[in-house]
2 protein chains.
Amino acid sequence: MSDRIANLKRLFAPESVAVVGASAAPEKAGYQALAALAGFAGPVYPINPRAQTILGHRAYPSLGAVGRPVDLVLFVVPAAACVAAVEEAVAAGCGGGVIMSGGFAETGSPEGTAMQERLRELCARSGFRLLGPNTAGFFNKGIGLIANFAPGIEHIRRGDVAVVAQSGGINLIASFLVDRLGSGVSCGIGLGNAVDLDAADALEFLSEDPGTRAIALHLEGVTQGRRLYQTLARVTRRKPVVALPIGRDDVGEFARSHTGNLIGSYELKVAALRQAGAVVVDTTEDLAAAAAALAFGRIPPRRAPGIGVLVGQAGAGLIVLDRLKSCGVRVPTLAPETLTRIGGLLPPMTYIRNPVDTGRPGPSFADVLAALAADEAIDAVAAWAIHEPAAVRPEEALPAARARTPKPILFGTMGPEAEVRATAEALRAQGIFTAPSPERLARVAAALAEDASGQWRLAQAPEAEVTAGARFAPGMDEHAAKQALAAWGVPVPRGVSCATRPEALAAFRSLSAPVAAKILSAEIAHKTEAGGVHLGIADEAALARALDALERLPLEGPRRFLIEEMAPAGLELIVGAVRDPSFGPTVTVGLGGTATEALRDTATRLAPLSLVEAHEMLAGLRAARLLDGWRGAPAVDREAVARVIVRLGALLAAMPEVREIEINPLRAYPRGVLALDALVA
Amino acid sequence: MSDRIANLKRLFAPESVAVVGASAAPEKAGYQALAALAGFAGPVYPINPRAQTILGHRAYPSLGAVGRPVDLVLFVVPAAACVAAVEEAVAAGCGGGVIMSGGFAETGSPEGTAMQERLRELCARSGFRLLGPNTAGFFNKGIGLIANFAPGIEHIRRGDVAVVAQSGGINLIASFLVDRLGSGVSCGIGLGNAVDLDAADALEFLSEDPGTRAIALHLEGVTQGRRLYQTLARVTRRKPVVALPIGRDDVGEFARSHTGNLIGSYELKVAALRQAGAVVVDTTEDLAAAAAALAFGRIPPRRAPGIGVLVGQAGAGLIVLDRLKSCGVRVPTLAPETLTRIGGLLPPMTYIRNPVDTGRPGPSFADVLAALAADEAIDAVAAWAIHEPAAVRPEEALPAARARTPKPILFGTMGPEAEVRATAEALRAQGIFTAPSPERLARVAAALAEDASGQWRLAQAPEAEVTAGARFAPGMDEHAAKQALAAWGVPVPRGVSCATRPEALAAFRSLSAPVAAKILSAEIAHKTEAGGVHLGIADEAALARALDALERLPLEGPRRFLIEEMAPAGLELIVGAVRDPSFGPTVTVGLGGTATEALRDTATRLAPLSLVEAHEMLAGLRAARLLDGWRGAPAVDREAVARVIVRLGALLAAMPEVREIEINPLRAYPRGVLALDALVA
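Residues numbered from 1 in each chain as written. Chains lettered and ligands numbered in written order. Predicted model: local features only at pLDDT ≥ 70, side-chain atom pairs only at ≥ 80, totals over all residues. Heavy atoms only, no water.

1. A look at the overall build of chain A
- Across its full length, chain A holds 23 helices and 29 strands.
- On the principal axes, the C-alpha backbone points of chain A span a range of 100 × 75 × 35 Å.
- Summing over all exposed atoms, chain A offers an accessible surface of approximately 25,300 Å²; the carbon and sulfur share of this is 53%. (Helix = DSSP H or I, 4+ residues; strand = E, 2+ residues; numbered from the N terminus. Areas by Shrake-Rupley, 256 points an atom, 1.4 Å probe, with all protein chains shown as cover.)

Okay, here's the thing in structure tokens:
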């Protein structure tokens, strides 16, 4: 394992590079790969049995002939030659390699799939690390290394934002978009088919890379979701990660043709990314902007960070405010002393309750900004001003304010291109991000807030009292399953399993009427349909009639009765826990009833999870207001619902033999909940 | 009225301009306003009683002294002096003016509000047109006119996209964003407090402006919504309009401080804009991009236009496909002959079913694009390729394809800035829009599709059979109200209003049991609570008992019985029609039941509306699948529901005396619907 980690670093930050398939013919890929290495300071070894030197580098007939183990090998040979070439690299003690060719599993052909499988086994066995196949490669600006065929990478400026993309094309797009914002890229990595090295590995490397301060992650399919989740949860504690998952709509068929991977559930990817502390965005432009902004600095972990908005023009302020609120980001009211201080700096009649609108900005801009940032409720400031040098010079005012606060300051402006660019460059040198529109400013401010609240949630310990409860056995009857659930801390109706009528009568007397009487028998799967359920039994005569009916059911094996208290009416929810093939144990909550089910209004998280996450799930339901007492109904006990979510998650995480468990309905009351029925698979 | 229209044109496209408050002191606004007019070719008249010439223009002591009626007057005087100045302009026969000063209704002060009211009356009385107050002004690049204080407007290139913004700052931002995309602006108009001239007026002018091919519209509050809607519906038939409404979240308090206007319902604004054929976007960047792209050409009216997607890199293709599908835009399967033709142009194993993925693009790019565009199902093509001149030169390939199809072609690319810019410039000259990211490409393609389907919907005639039905009178009883509804074509349960027991018995015999028996009396508002409703009456004995009970109700006035057939169970909806103070008659549909109500899952349109719009409302409900037979329930009669929506809308539009009418519930069946209860206000 430590080999694999060491080799990961040798691949991405090599001291030496070899090109297998190097060529002296400029039209050949083997020439272009070598030429792209021009900026790399370490030794470069062309491997070509028929050449002496190529592009000034001495050529070798084989990797073995180099005489020392090369860190990184670029394989510029056809797919069919790759397995042998990688075997040679392994034998020569090389660290890792990049296979740019396609022709593997993404083609859907048996040969391609078999070759890819061979590569996978080779890496797993040897510790050799492989990027690709079917990738444009990667670049590491910190060491001037371009191990990538794509043109123009030399134009991307060096900086502290790393890009990891499943697709080589998106790696390039995101990197150029970072560059367009005036920031720079440390490493840009295209994963391709990800036969060995996947997004989790790339994150692992980048979290240690001293040149990287923020990471932009593009995800299509995720085959090892649980591993990615666990890695991300570690990495985001050190560095902010912004993620762009693809596949909101059905794009599966085309996606498979791309990297041979399934695209998976979008909702689950988003849930896992957020839960691991990543900021989830919708577009490559937001991906680049949020990562670039976060590279300038994060808000410390906060449950719900507050953003201060300062604008020179109200129209833009309205947009920033609208967007922040739509994202659920707090724009808190300022403290009275802040209002007094800002009020003294601005003309009367300006709106200063946050947003702070300076009207036409003037010399007080820096002081107003500093006063806003100083407010206790404010964790970062988003400032907007049209480019108007006669009124305010942001390249002077913003750094002046920044010197007076450790809180992140984000800026947005628009105006003549050359002038705005000069302003943004000057601000970048002072550690201030500049956005090109009010919405983009709001989006990056929201990203800082999401990053901070993600970190706060990650720091919340899982609920302490969840401990391993009873186990579930195949063929358990309803009563046994409910008792097992109860042992996991999920409240169930009081009930007694009875073998005889006298036992049933005794049970009835010990419970509060009305009760239900149900048949317990392995022979009956659907009790209600079989006439095995009698509800609303209020007295002993009714009980006797119910037992008569249950005794008449034709059964071969043993027959027991479940006498169970009827649950009062309440709000019905569904809580389910499912083991996902990629992400492992997950838990989902939604409201019961046809309408809410048809609306697919559910929230999902990976399990185990904290009580805080469970509360966020409830808050995230569109129908959340029903929990708070809609139209005169009483509010239900959210804490009790959240505890059931946590416990069902803990149960699934602890018991590999359970594939799926669903409580339907979970009835919620002003105090407490009851699991009325549970299905275990 | 014709004066008002002529003066609108004199204001925005003047032949002469005067500056009231012109100054020779460079630090004064009166100097800057004059200086900004440097590019205007017509006569410019500084008005200043104490100057001979300013900036080379002969100065005049008053507007009257100019000796001819000036078209446009810029008022660069304090708020308090504005009313007198405008009176003078009116007296001098001027066409229109701009008041840039603030200090009016937006301050909330009684003086400011009173002055604004004076200006409004002055304009209404005289036909003089006024932009502002409290606006940065406007510019008309076609005649080199900058009637605007904001700096840098001279850097915005001239082009064919017009911008209309409530806020002067957003006017500038959107105009610069259009410029950044390589396109140019014809006119940029900031409305400010919009005391006289509002968005509808600006649209009216721009629809006639020969230099404008597409319009970008930014909206905060809308005080005369119905007028805006009617104007838009006319304008979008001639030119595409892209709209950015603000106020998704609650930003009311800050908004009022900005232009003194209420922000209004976001949903209603969006519904009205779409229904009038505008494309609604979420951000200033999308506003600029969609308008710039539409200026290159529209898709002809189509119910559901199909987009062809051509990509050089699958990763970007996946994003474009995902975004288009998420927007509900069709990416249709190609015809077999198209697949054959494209298959012959590309290497095997590439995905060509739309998206068409060329793999690394090559010389066949233009031919593939042309073949894709030639497919009958395709109305526009969105093409993406990384900047890679060695593989494909878009500035040659795309125009080659464009020459072979009248359908719009949109392009997107990313790469080194200078090179990408040169490509975009070359393409722009050939009538092809270039987007800077895959999502932006998808967004503008979706905008073209939305524009075309908006035009198709606008062309659908309102349902022919809706004709004026019965009128509603105050104090109508339930039966009369239902009969009036029935006269408007809304099905109601069969029922008979009876004065006596024999009449009731005859009614019972004429109807299908079971029936309901209800009291009809102006004295009883809440029938059910008063014991005035008896349900499920299956036989004559039960009817007699019910009538006994109804006869016992203590009433002073006359007493009638409603004998009505019971409606079978079905899917319950709510259809309501409300008169909005700004937008006039509106109609709303949603599913019944607590859960769907709590989820606020409703769709709204302005009335009257076509049957097609009513169907779109149903399709737009998140719970739409419940209509199609969810979990074994039968699908309901959408056509019948849509007809009720149309008729309720027609009813409200035709009867000014009805403020609000709600059918709750409307019960929907596999065939037909029944309005079970209706509330009229």
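Structure shown, so let's carry the discussion forward.
2. Considering the interface of chain A and chain B
- In this complex, chain A contributes 78 residues to the contact, which on the side of chain B involves 78 residues.
- Buried surface at the junction of chain A and chain B, summed over both partners, amounts to about 6,600 Å²; 65% is from carbon and sulfur atoms.
- Among the residues of chain A in contact with chain B, Arg180, Phe254 and Leu318 of chain A are the three that bury the most area, contributing 11% of the side total.
- The interface formed by chain A and chain B includes four salt bridges.
- Note that arginine 421 of chain B is salt-bridged to glutamate 417 of chain A, the shortest N-O span being 2.7 Å.
- At the surface where chain A touches chain B, the tally comes to 20 residue pairs in polar contact (both at pLDDT 80 or more). (Contact = heavy atoms within 4.5 Å. Buried area = accessible area lost by both parts, 1.4 Å probe. Salt bridge = Lys/Arg side-chain N within 4 Å of Asp/Glu carboxyl O. Polar contact = N/O pair within 3.5 Å; in protein donor to acceptor, adjacent residues only side chain to side chain.)

3. Overview of the packing of helix H12 (residues 336–345) of chain A against helix H13 (residues 365–374) of chain A
Residues and elements named next belong to chain A.
- Here H12 crosses H13 at 175°, and the two axes come no closer than 9 Å. On the basis of their axis angle, the class for H12 and H13 is roughly antiparallel. Contact residues: H12 offers Thr338, Arg341, Ile342 and Leu345, while H13 offers Asp367, Val368, Ala371, Leu372 and Ala374.
- The residue makeup of the contact of H12 with H13, split by class, is six nonpolar, one polar and two charged. (Axes fitted to C-alpha atoms, helices over the stretch in contact; angles between N-to-C directions. Parallel < 35°, antiparallel > 145°, perpendicular 65-115°, else oblique. Nonpolar A, V, L, I, M, F, W, Y, C, P; charged D, E, K, R; others polar.)

4. Thoughts on the relation of the copies chain A and chain B
- Superposition record for chain A on chain B: RMSD 0.2 Å, screw rotation 180°, translation along axis 0.1 Å. This pairing of chains is accounted for by a two-fold axis.
- When the interface residues of chain A are mapped onto chain B, 100% of them again lie at the interface, so the same face is used by both copies. (Least-squares fit on C-alpha atoms with pLDDT ≥ 70 in both.)

5. A few points about the sheet that holds strand S20 (residues 495–498) of chain A
All names here are of chain A.
- Read from one edge of the open sheet, four strands run S20-S23-S21-S22, paired in antiparallel fashion. The open sheet has two edge strands with one neighbour each: S20 and strand S22 (533–537). Strand after strand, the sheet turns through a mean of 20° between neighbouring axes, direction not considered.
- Taken together, the four bridges between S20 and strand S23 (residues 560–565) define a ladder with antiparallel strand orientation. Bridge pairing links glycine 495 to glutamate 564 in S23. (Pairing = 2+ DSSP bridges.)

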